[in-house]
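# Summary of structural features
These are the residues of each chain, in order.
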Amino acid sequence: MTRYALITGASSGIGLAMAEALARRGRSLILVARQRDLLESIAIELNQRFGVEVLFRGCDLGEPLRLSGFLLELEEGERQIDLLVNCAGIGTCGPFLAQDWGQEQDLIELNILALTRLCHALGNTMAVQGGGQILNVASVAAFKPGPWMSSYHASKAYVLHFSEGLREELKKTGVKISVLCPGPTRTEFFRHAHLEVGKLERSKRMMSPEEVALHTVRALAKNRAVIIPGWRNKLLAFTPRLGPRWLTRKISGAINKTYCPR
Ligand SMILES: NC(=O)c1ccc[n+]([C@@H]2O[C@H](COP(=O)([O-])OP(=O)(O)OC[C@H]3O[C@@H](n4cnc5c(N)ncnc54)[C@H](OP(=O)(O)O)[C@@H]3O)[C@@H](O)[C@H]2O)c1
């Protein structure tokens, strides 16, 4: 029976790079994102280049009813999924009170609720199958509070802590949980979140999504708990632990503020 890796957020950025890295290793894939046409062309391309089966499903995971429909389809389709990559995520930036509530809600629905629900549904199926692997995508932002991007940082802190907790809980079921914490990565993320990253985008401080994906598939093969690609990002994740929390909040806020439009 064919086993599939299901990747959310596979139409661009880190999710797309993960799809390519896994297809290169011979994995059959199910790609999920909202842009169905884009997924279709990605599926055709990956199939032609790597000879693997690539299925795709257009779905707004931030819409609970659509997510329910998708999960029902998966249940009825009886395709065996032994790797879930929860990569779909969005950010917002600027003063919280001035944010459009709809966008804040979308962030919580996608970054937290959809990810958790997918872990619950597929985690149960994997446990019955006797094993599987789940990779949740957090961020180095998970290691510190982030004024001016408060809900984004908090959503990623949730993903980090949730994933680490689940890893311990599910050990005996054979379901392995890892969490990826990338630092700044050259993707569409910043444009969608209205962040002005300017020079940072062209600097070496930003990794490419392909570099992140390569590091990640290697770390997944070793069943690493917390995956932080690159030494700069390891430093970003570690330094908040060194100072008092008031200082971490101040520095984090000052950095975020420089990227928010005035
Ligand atoms: N780029 C960075 O610097 C960075 C750093 C740390 C962590 N991350 C995290 O990495 C993950 C991937 O982001 P990225 O940088 O690769 O950004 P990206 O290029 O903007 O990719 C985001 C992906 O999520 C999908 N998506 C967005 N809303 C969705 C929805 N409602 N339902 C289903 N799919 C949805 C998008 O596809 P559609 O538009 O087709 O739906 C796209 O495939 C996110 O969780 C992000 O928080 C990024």
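In the block above lies the structure referred to throughout.
Residues numbered from 1 in each chain as written. Predicted model: local features only at pLDDT ≥ 70, side-chain atom pairs only at ≥ 80, totals over all residues. Heavy atoms only, no water.

### Description of a nonpolar patch on the surface
Here is the rule we go by: A patch consists of residues whose relative accessible area exceeds 30% and which take part in no salt bridge; residues with like charges are grouped when within 9 Å of each other, and nonpolar side chains (Val, Leu, Ile, Met, Phe, Trp, Tyr) when within 5 Å. Using a 1.4 Å probe, accessible areas were evaluated by the Shrake-Rupley method; residue-level cover was limited to the displayed protein chains. One speaks of a salt bridge when a side-chain nitrogen belonging to Lys or Arg is within 4 Å of a carboxyl oxygen belonging to Asp or Glu. Starting at the N terminus, helices and strands are each numbered in turn, a helix being any DSSP run of H or I of at least four residues and a strand any DSSP run of E of at least two.
Among the surface-exposed residues, Phe96, Leu97, Trp101, Ile108 and Leu113 lie close enough to one another that they form a single nonpolar patch of about 570 Å² accessible area. Assignment of secondary structure puts Ile108 in helix H4 (residues 101-129).

### Structural notes on the sheet that holds strand S3 (residues 54-58)
Just so we agree on the cut-off: The pairing criterion is simple: DSSP has to find at least two bridges between the two strands. When checking whether two residues touch, look at their non-hydrogen atoms; a contact exists if any pair is within 4.5 Å. Axis definition: a line fitted to C-alpha atoms, over the contacting stretch in the case of helices. Angles run 0 to 180 degrees between N-to-C directions.
Spatial strand order, S3-S2-S1-S4-S5-S6-S7: seven strands in an open sheet with parallel pairing. Two strands close off the open sheet at either side, each with one partner strand: S3 and strand S7 (226-227). Of the strands in this sheet, strand S1 (3-8), strand S2 (28-33), strand S4 (80-86), strand S5 (132-137) and strand S6 (175-180) are in contact with helix H1 (residues 13-24), which crosses S1 at around 165°. The strands that helix H3 (residues 64-77) touches are S1, S2, S3 and S4; relative to S3, the one it contacts most, it runs at about 150°.

### Remarks on unusual backbone geometry
It is generally the case that most residues other than glycine have a negative phi and that most peptide bonds are trans. Despite not being glycine, Trp148 has its phi angle at roughly 75°, a positive value. Among the structural elements, Trp148 can be located in the loop between S5 and helix H5 (150-169). Within the chain, His194 stands out as a residue other than glycine whose phi angle is a positive 60°.

### Details of the nonpolar core
In a soluble, globular protein the nonpolar side chains are often hidden away together inside. The condition that has to hold: We call a set of buried residues a nonpolar core when its members are Ala, Val, Leu, Ile, Met, Phe, Trp, Tyr or Cys and they connect through side-chain atoms within 4.5 Å of each other. Burial classes: relative accessible area under 20% of the type maximum marks a residue as buried, over 50% as exposed, and values in between as partly exposed (1.4 Å probe, protein chains only).
Membership of the largest hydrophobic core comes to 35 residues, with the highest contact counts inside it found for Leu6, Leu61, Phe70, Ile81 and Leu122. When residues of this core are traced back to their parent elements, those giving at least two are S1, S2, H3, S4, H4, H5 and S6. Ranked by residues supplied to this core, first place goes to H4 with seven residues. Not counting residues up to four positions away in its chain, the partners in contact with Ile81 are Tyr4, Leu6, Ile30, Leu74, Leu122, Met126 and Gln129.

### Observations regarding the pattern of salt bridges
Pairs can form between side chains of opposite charge whenever their charged atoms are close. Overall, the coordinates contain nine salt bridges when judged by the stated rule. For the salt bridge of Glu168 with Lys171, the shortest nitrogen-to-oxygen distance reads 3.1 Å. Linked through salt bridges whose partners overlap, the residues forming this network are Glu20, Arg24, Glu45 and Arg49.

### Details of the packing of H4 against H5
For the record, the criterion: If an angle is under 35 degrees, it is roughly parallel; if it is over 145, roughly antiparallel; if it lies from 65 to 115, roughly perpendicular; otherwise it is oblique. In this classification, the charged set is Asp, Glu, Lys and Arg, the nonpolar set is Ala, Val, Leu, Ile, Met, Phe, Trp, Tyr, Cys and Pro, and all remaining amino acids, among them Gly, are polar.
At a minimum axis separation of 10 Å, H4 and H5 run at an interaxial angle of 10°. Of the possible angle classes, the one that applies to H4 and H5 is roughly parallel. Here Glu104, Leu107, Asn111, Ile112, Leu115, Thr116 and Cys119 of H4 lie close against H5, whose contacting residues are Ser151, Tyr152, Ser155, Lys156, Tyr158, Val159, Phe162 and Leu166. Its residues assigned to classes, the contact of H4 with H5 comprises nine nonpolar, four polar and two charged.

### Looking at the pairing of S2
The element S2 is largely enclosed, with a buried count of six among its six residues. Burial along S2 is two-sided: the residues Ser28, Ile30 and Val32 and Leu29, Leu31 and Ala33 are all buried. Both S1 and S2 contribute to a ladder of five bridges, which runs parallel. For Tyr4, the partnering residue across the bridge sits in S2 and is Ser28.

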